[in-house]
Amino acid sequence: MSRAVIAGAGVFGASLAHRLAGDGWDVVLIEPWEPGHARAASGGESRLIRCAHGADVAYTRSARRARELWRALEAETGASVLVECGVVWLARREDGWEAEAERVIRAEGIPVERVEPRALFPSLADRDLAWALWEPEAGLLRAATATRALAEAAVARGAALVAGRARPDGDRVVVDGRVLEGDVVVWACGGWLPALFPGLLTARVTRQDVLHFGAPGPGWASPPVPGWVDYDGAFYGCGDLDGWGVKVAPDTEGPDFDPDGDRRAPLPEAEAAARAYLAHRFPALAGAPLLGARACQYVITPDTRWVAAPHPEHPSVWLVGGDSGHGFKHGPALAELLAPMLAGTAAPEPRWALGPRTADRSLRTAGGPR
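Conventions we followed
Residues numbered from 1 in each chain as written. Predicted model: local features only at pLDDT ≥ 70, side-chain atom pairs only at ≥ 80, totals over all residues. Heavy atoms only, no water. Pairing = 2+ DSSP bridges. Helix = DSSP H or I, 4+ residues; strand = E, 2+ residues; numbered from the N terminus. Axes fitted to C-alpha atoms, helices over the stretch in contact; angles between N-to-C directions. Contact = heavy atoms within 4.5 Å. Core = buried A, V, L, I, M, F, W, Y, C linked by side-chain atoms within 4.5 Å. Buried < 20%, exposed > 50% of the residue type's maximum accessible area, 1.4 Å probe, protein only. Salt bridge = Lys/Arg side-chain N within 4 Å of Asp/Glu carboxyl O.

S.K.: Where do I start with the sheet that holds strand 19 (residues 307–310) in this structure?
M.R.: Whenever strands of a sheet pair, they do so through backbone hydrogen bonds, lying parallel or antiparallel. If you walk across this open sheet you meet the six strands as 9-2-1-13-20-19, and the pairing is mixed. The open sheet has two free edges, formed respectively by strand 9 (160–163) and strand 19, since each of these has just one partner strand. Neighbouring strand axes in the sheet, compared pairwise and without regard to direction, differ in orientation by 15° on average. Examined bridge by bridge, strand 19 and strand 20 (residues 317–321) share four bridges and lie antiparallel to one another. By the bridge assignment for strand 20, Ala308 is matched with Val320. Sheet contacts for helix 1 (residues 11–22): strand 1 (3–7), strand 2 (26–31), strand 13 (184–187) and strand 20; angle to strand 2, the most-contacted strand, approximately 165°.

S.K.: It is not clear to me how the nonpolar core should be interpreted in this structure. Could you clarify?
M.R.: Nonpolar side chains in soluble globular proteins generally cluster together in the buried interior. Within the largest apolar cluster, 47 residues are counted, with the highest numbers of intra-cluster contacts made by Leu20, Trp70, Val186 and Leu338. Only strand 1, helix 1, strand 2, helix 2 (57–77), helix 4 (143–156), strand 13, strand 20 and helix 7 (331–343) provide two or more residues apiece to this core. Leaving out residues up to four positions away in the same chain, Trp70 has contacts with Val11, Ile49, Val81, Leu82, Leu141, Ala146, Leu150, Phe328, Lys329 and Pro332. Membership of the second largest hydrophobic core comes to 28 residues, among which are Leu48, Val112, Leu133 and Leu241.

S.K.: Please clarify how the sheet that holds strand 12 (residues 178–180) should be interpreted in this entry.
M.R.: The three strands lie next to each other as 10-11-12, forming an open sheet whose pairing is antiparallel. At either margin of the open sheet sits one strand with a lone partner, and together these are strand 10 (166–169) and strand 12. Strand-to-strand, the axes of this sheet are offset by a mean angle of 30°, without reference to chain direction.

S.K.: How should the pattern of salt bridges be read in this particular structure?
M.R.: Proximity of charged atoms lets side chains of opposite charge pair with each other. Enumeration over the complete set of coordinates arrives at 33 salt bridges. The partner of Asp95 in a salt bridge is Arg103, and the shortest N-O contact between them spans 3.4 Å. What makes Asp95 exposed here is its relative accessible area of 57%. Arg103 sits in the partly exposed class, given a relative accessible area of 49%. Of the charged contacts, one joins Asp303 and Arg357 as a salt bridge, the two residues approaching to 3.0 Å between their closest N and O atoms. Of this pair, Asp303 sits in the loop between strand 18 (290–300) and strand 19 while Arg357 is found in the segment after helix 7, placing the two residues 54 residues apart along the sequence. On the basis of relative accessibility, which here comes to 10%, the residue Asp303 falls in the buried class. Connected through shared salt-bridge partners, Arg64, Arg67, Arg71, Glu74, Glu84 and Glu137 make up one network.

The following block contains the structure:
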């Protein structure tokens, strides 16, 4: 039986533990806190799940496959993970990123249509919108719930969940003085990955603030309010899911962030930016009370494609990360693709390799025309 040691029980690590344990591997999954904890990029209340990825066919297919696998996880565990409320893309240009995404989605046979966005929200100002793209089978993932469900399902399949902080030692893992070895070692440590392997990842860890506002009246719950993305405006969000409030998040690249040392209190400028956007796009929410805010971290690669590659000096050691702010939804599908690579029956994916990359923001919003 092959043995895998996986450091990090975020969505990438937990998805991989779940997949490998189901394939008959002996799996050890290491996490210093709890799966889905508040410090992790995989924590929090929600993430969008959508197939639109501009002109990128592979990521569109990955998201669609991930949707099937999230539903399978629900059937396996009984957890309520995927909320199918749809996602609407608010296009500011006739032939921009959204039009590229529409062409790919239609070619893949995935449901999509152009809609009048004002019908989807209690309040929406559309004076600067050219059109809107609607993905009816997209929606939201309950992030912390989903991550915990993956880890618990991995354990149910035979994986061992070990509490402790891991550090690399060549092709071994040291956890609080205990040495662990495996046929494969996977480091899936999110915001902690670049510091553990300095110089190997071309990536920045950035601070991204997420804010929740109290709706002024009924009608703002998700569902029926969809998730939404203003790609050129570099904002995204959703309605009130599970009583958290209306979510509004800027998606411009934030400042450098130390996940261990930096304060996670909300920044005043983040609230100001969110309120300015609400006044512009959702006028009824302009004066809504702030219910809560948190600092999330992204690990952003220059081309916004994640890293999933062997260590250049230790071929049995793999680095998996670089979510770039859009990786959560793909977790189970990425694990499905990685499993044969780790088993040695498939070659590593060149687009996910370590080393320099050409800058490209096409897979996530960053503001302004491309």
